[in-house]
Amino acid sequence: DRSVSRGLGDVYKRQKLKSTLSEKRYKHSLGVCDEAVKLAEKYGADTEKAYTAGILHDCAKGYDTDEQIKLCQKYGVVLDDITLACKPVIHAPLGAKIAKAEYGVNDKDVLDAIMCHTVAKENMSLLDKIIYIADMIEPMRDFVGVEELRKAAYENIDMAFILGLKQSIVFNAQKNKIIHPNTLSAWNYMLMNGK
Ligand code: FE
Ligand code: FE
């Protein structure tokens, strides 16, 4: 188990994360963490940062929506109309604040990766893309197209990122769900910059 000997080795913090999340969400977090470290090794990103961002990316997800909104006020997360209209995305910017305030993470690269892991944004770093993709392909994920995405993830991270964005955009559009403008910014940026 990679997670025992690496970052967030502080037992108290691991227990806190575990007690905050459901069993399933905690396992998902460990899966994302493991996948993120593997992708970081493959692409030469910082494995410690990938580890920390991976394990903590959903650290705000254990709170219900009302609690999340209250915590946003506490930590100064600005909720615009679009974000309020797609509440499942709130846990990402809130998670970055909680990772800093409650888990002692001060690394901006890690906090940025947590912040954009759900809807993405334009001009993402390699670490941002790794966390975004790891979140979609960890072993418990099961959706139409996940195998194609898993394969792409270990061939070309930018192509995998484009495919992941496409799957997300199509999925939301087919369900008549709002597509966050940052997701479209990420998509357009990748296409316009030849990736
Ligand atoms: Fe998430
Ligand atoms: Fe997640």
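Look a little higher up for the structure.
Residues numbered from 1 in each chain as written. Chains lettered and ligands numbered in written order. Predicted model: local features only at pLDDT ≥ 70, side-chain atom pairs only at ≥ 80, totals over all residues. Heavy atoms only, no water.

**Student:** Before we move on, can you summarise the coordination of the iron ion (ligand 1) with the specific residues and values?
**Tutor:** Ligation of the iron ion (ligand 1) by protein atoms is provided by Asp58 (OD), His91 (NE2) and His117 (NE2), these donors lying 2.1 Å from the ion. Taken in sequence order, the residues that donate to the iron ion (ligand 1) follow the motif D-x32-H-x25-H. Between the iron ion (ligand 1) and the iron ion (ligand 2), a spacing of 3.4 Å is present, and a bridge between the two is formed by aspartate 58. On the criterion of sequence distance, the pair formed by aspartate 58 in the loop between helix H4 (47-56) and helix H5 (65-75) and histidine 91 in helix H7 (residues 91-103) is long-range, its members being 33 residues apart. (Donors = N, O, S within 2.8 Å, 3.2 Å for Na, K, Ca; no water. Helix = DSSP H or I, 4+ residues; strand = E, 2+ residues; numbered from the N terminus.)

**Student:** Describe the packing of H4 against helix H8 (residues 108-115), and please don't skip the residues or the numbers.
**Tutor:** Look at H4 against H8: their axes get within 9 Å of each other, and the N-to-C directions meet at 35°. Seen from above, H4 lies across H8 with right-handed handedness. Residues Lys49, Thr52, Ala53 and Leu56 of H4 pack against Asp109, Val110, Ala113 and Ile114 of H8. Of the residues contributing to the contact of H4 with H8, the split by class is five nonpolar, one polar and two charged. (Axes fitted to C-alpha atoms, helices over the stretch in contact; angles between N-to-C directions. Left-handed = near helix turned anticlockwise from the far one by under 90°. Contact = heavy atoms within 4.5 Å. Nonpolar A, V, L, I, M, F, W, Y, C, P; charged D, E, K, R; others polar.)

**Student:** I'd like a description of the coordination of the iron ion (ligand 2), backed by residues and values.
**Tutor:** Distances from the iron ion (ligand 2) to its protein donors, namely His28 (NE2), His57 (NE2), Asp58 (OD) and Asp135 (OD), fall within the range 2.2 to 2.3 Å. Considering all four donor atoms around the iron ion (ligand 2), the spread of angles at the metal, 80 to 171°, places the coordination shape in the irregular class. The exposure class assigned to aspartate 58 is buried, which follows from its relative accessible area of 1%. Aspartate 135 gets classed as buried once you look at its relative accessible area, which sits at 9%. (Tetrahedral: all angles 85-135°; square planar, octahedral: opposite > 155°, others 65-115°. Buried < 20%, exposed > 50% of the residue type's maximum accessible area, 1.4 Å probe, protein only.)

**Student:** I'd like a rundown of the packing of aromatic side chains, residues and numbers included.
**Tutor:** Within the structure shown, the criterion is met by one aromatic pair. Cation over ring: lysine 16 sits above tyrosine 103, and NZ or CZ is 5.5 Å from the ring centre. The residue whose ring lies beneath lysine 42 is tyrosine 43, and the NZ or CZ to ring-centre distance is 5.7 Å. (Phe/Tyr/Trp six-rings, centres within 6.5 Å; stacked < 30°, edge-to-face > 60°. Lys NZ or Arg CZ within 6 Å of the ring centre and 35° of its normal.)

**Student:** Which residues make up helix H2 (residues 11-20), and what values go with them?
**Tutor:** When we look at burial in H2, the residues that qualify are Arg14, Lys16, Leu17 and Thr20. Across the axial projection of H2, the buried residues extend over an arc of 160°, all falling on one side. Relative to its buried face, H2 has exposed residues pointing more than 90 degrees away, namely Val11, Tyr12 and Ser19. (Arc of directions from axis to C-beta.)

**Student:** So what about the environment of aspartate 64? Which residues, and what values?
**Tutor:** Within the secondary structure layout, aspartate 64 lies in the loop between H4 and H5. Here aspartate 64 falls in the partly exposed class, since its relative accessible area comes to 43%. Considered as a pair, aspartate 64 and histidine 91 are 27 residues apart in the sequence and their alpha carbons are 9.8 Å apart. Within the local environment of aspartate 64, its side chain forms a polar contact with the backbone nitrogen of aspartate 66, the two atoms lying 3.2 Å apart. (Polar contact = N/O pair within 3.5 Å; in protein donor to acceptor, adjacent residues only side chain to side chain.)

**Student:** Report on the side chain of arginine 14, specifying residues and quantitative values.
**Tutor:** Mapped onto the fold, arginine 14 is located in helix H2. Overall, the relative accessible area of 13% leaves arginine 14 in the buried class. In this structure the side chain of arginine 14 is engaged in a polar contact, spanning 3.4 Å, whose partner is the side chain of tyrosine 26.

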